[in-house]
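If you want the building blocks of each chain, they are given just below.
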Amino acid sequence: MAYLTVPITAKTVEQSKQQISSAANLGADMVELRLDYIEGLNQEIVKILIDHSKESKMKTIATCRRSQEGGVIDYPRQFRIQILAFAAQSGADYIDCELATYKTAAAKKSINAVLKNTKAKLILSVHDFKKPITNLQEIYDSILLTCPVAIPKIAYFAKNINDCFAGFDLLHTKETDLILIAMGQDGLITRLLANKLDSLVCFASLDNQTSTAPGQITVSQMRDLFRFEAQNEQTELFGVIGNPIEHSLSPLLHNTLFRQMNMNKLYLPILLKGDQLEFDTFMENVTTRQWLNFRGFSVTIPHKVNALDYVSKIGGFIDDQAAKIDAVNTLVIGYNERVNAYNTDYEGAIDALVLGMNINRKQLEHKKVAVLGAGGVSRAVVAGLTDVGARVTIYNRTAIKAKRLANEFKCQYADISEIGSESADILVNCTSVGMYPKIDQIPVSQDIIYPDMTVFDTVYNPKETKLLATAKEKGAIVINGLEMFINQAIEQFRHFTGKNADRNVVKKIFEEKF
Ligand code: ATR
């Protein structure tokens, strides 16, 4: 079990007290008094802050960092040692001293003396703010050799998500309490999984301004979005793999559904930098550690083809639609560890059309459809439409790509300048034109839109693109990209859990978000 812990980072006593009260109000368990932030630090201040924490029913870690390990005010070593000893005497639950400081004879003597006479426990910490630490086990052992009753704390900077797994291994095999953090955006999952993996502390900030380390997230996000309290050893893990990933709506959607449906599951944003090699390494890291309990992933740009190649290589199951589209957006890890690959964009697109037009799939047969774009989204849409027998023509800025796609799916293509020369029943935009932030752009001239047409834009941010606003004005039926996003997500949820998510509930989650 981890204590949800807020670092207190104010310069003055009054501001520090306010931060402690705010941490208590937000539902944190513990505060880390970063005494090296406080100007004019003295013993009286330390006592006031520990007393205030106790009154606020907060546990406390007291620390006064040396500057080489992130300390803000460079207080002399002897003074810092005295402050830590005094914090222990004043009732701090934990005092955190850098291993390098503790190894000095003076520190050992003073700190060991107070450990004997107080209830405070000692955390011995090692930080590397620049790079991953490769000999984690060695450092863990050396901390315990230096002081067998100490709680090791090891914090390092992750340069890739794959740097997190050595830390997870140490958490898995540890024989004492341990605090382990991989800092930076690439290390985020070590914070999000602190409770499941039993790191003693999960550091989270009050807000985005008061964070003390790169990659820290807020207490509210930790509790509300990432299900801090609900996590335990059995929690099954899911996530969206992509780069960039911070704006993905999938964690909000799946975690809200997991909570509402009372499922012991957690969905993570998984920033995976790199290409096929890093993707394969990540999947190997996940699948060789059954105890982590990863069960499935959504896959997004730029890894949809990497996912397909990975599953082909390992001889996993690839469903027909993913094979046809040549891209995977859903991976499910079976309990037998077999990896299954799907593409739910196909179903998502076709369902958006039939729901929006209030018809069934059969009625799409022979409809004339103009598809704009020849990229990844277009592949899924064209595959779905040609399967149901629609008469598809692909138009793309780069004509050769339209030609290749059309040949593959046995449909028509034409130069983008010819769009509108033959009227279509349905126009589908599969380009990124009109997407936030360039919301004033429109992929085609408004002259080609007619009142009896259906216009479907796969762009979902903004919900109403300029193309859709124009089509609506002209009296066409309009279908927004959020419908497709929702459909593919519901289908993914079914692959992940075997359960159906209520469409209205899913819509409400997005409406509240927007
Ligand atoms: P996705 O996976 O989202 O489909 P993609 O594979 O990069 O992304 O494809 C983007 C599509 O949008 C392509 O068809 C691209 O046209 P090109 O093949 O000519 O690059 C199209 N696109 C992007 N920006 C465009 C623009 N400004 N005007 C016209 N088409 C554009």
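A.B. asks: Where do I start with the packing of helix α14 (residues 345–357) against helix α18 (residues 481–497) in this structure?
C.D. replies: Two quantities define a packed helix pair, namely the angle between the helix axes and the distance between the axes. Between α14 and α18, whose axes approach to 8 Å, the crossing angle comes to 130°. As summarised for this structure, α14 and α18 are arranged oblique, according to the angle between their axes. The way α14 lies across α18 gives a crossing that is right-handed. Of the residues in α18, those in contact with D345, G348, A349, D351, A352 and L355 of α14 are E483, M484, N487 and Q488. In the contact of α14 with α18, the residues fall into four nonpolar, three polar and three charged.

A.B. asks: Could you clarify how one ought to interpret the packing of aromatic side chains in this entry?
C.D. replies: In this description, an aromatic ring pair is defined by two values, namely the gap between the centres and the angle between the planes. Summed over the entire model, instances satisfying the criterion amount to 13 aromatic pairs. Ring-pair connections join several aromatic residues into one group, and the members of that group are F165, F168, F282, F294 and F297.

A.B. asks: In this structure, what is going on with the environment of P251? I would like to understand it.
C.D. replies: Relative to the assigned elements, P251 resides in helix α10 (residues 250–260). Taking the C-alpha atoms as reference, P251 lies 45 Å from P76; in sequence the two are 175 residues apart. Not counting the four nearest positions on each side in its chain, P251 is found in contact with L225, F226, V240, T256, Y267 and P269.

A.B. asks: Would you take a moment to explain helix α19 (residues 503–513) for this structure?
C.D. replies: Quick reminder: α-helices carry 3.6 residues per turn. Residues three or four places apart thus point the same way. What α19 keeps buried is the set V506, I509 and F510. For α19, the buried positions fall inside an angular range of 90° around the axis, keeping them on one side. Exposed and facing more than 90 degrees away from the buried side of α19 are N504, E511 and E512. Where α19 is buried, its residues touch α10 and α18. Of the residues that open α19, the one with a side-chain oxygen 2.8 Å from the backbone nitrogen of N504 is D502.

Rules and cut-offs
Residues numbered from 1 in each chain as written. Predicted model: local features only at pLDDT ≥ 70, side-chain atom pairs only at ≥ 80, totals over all residues. Heavy atoms only, no water. Axes fitted to C-alpha atoms, helices over the stretch in contact; angles between N-to-C directions. Helix = DSSP H or I, 4+ residues; strand = E, 2+ residues; numbered from the N terminus. Parallel < 35°, antiparallel > 145°, perpendicular 65-115°, else oblique. Left-handed = near helix turned anticlockwise from the far one by under 90°. Contact = heavy atoms within 4.5 Å. Nonpolar A, V, L, I, M, F, W, Y, C, P; charged D, E, K, R; others polar. Phe/Tyr/Trp six-rings, centres within 6.5 Å; stacked < 30°, edge-to-face > 60°. Buried < 20%, exposed > 50% of the residue type's maximum accessible area, 1.4 Å probe, protein only. Arc of directions from axis to C-beta. Polar contact = N/O pair within 3.5 Å; in protein donor to acceptor, adjacent residues only side chain to side chain.

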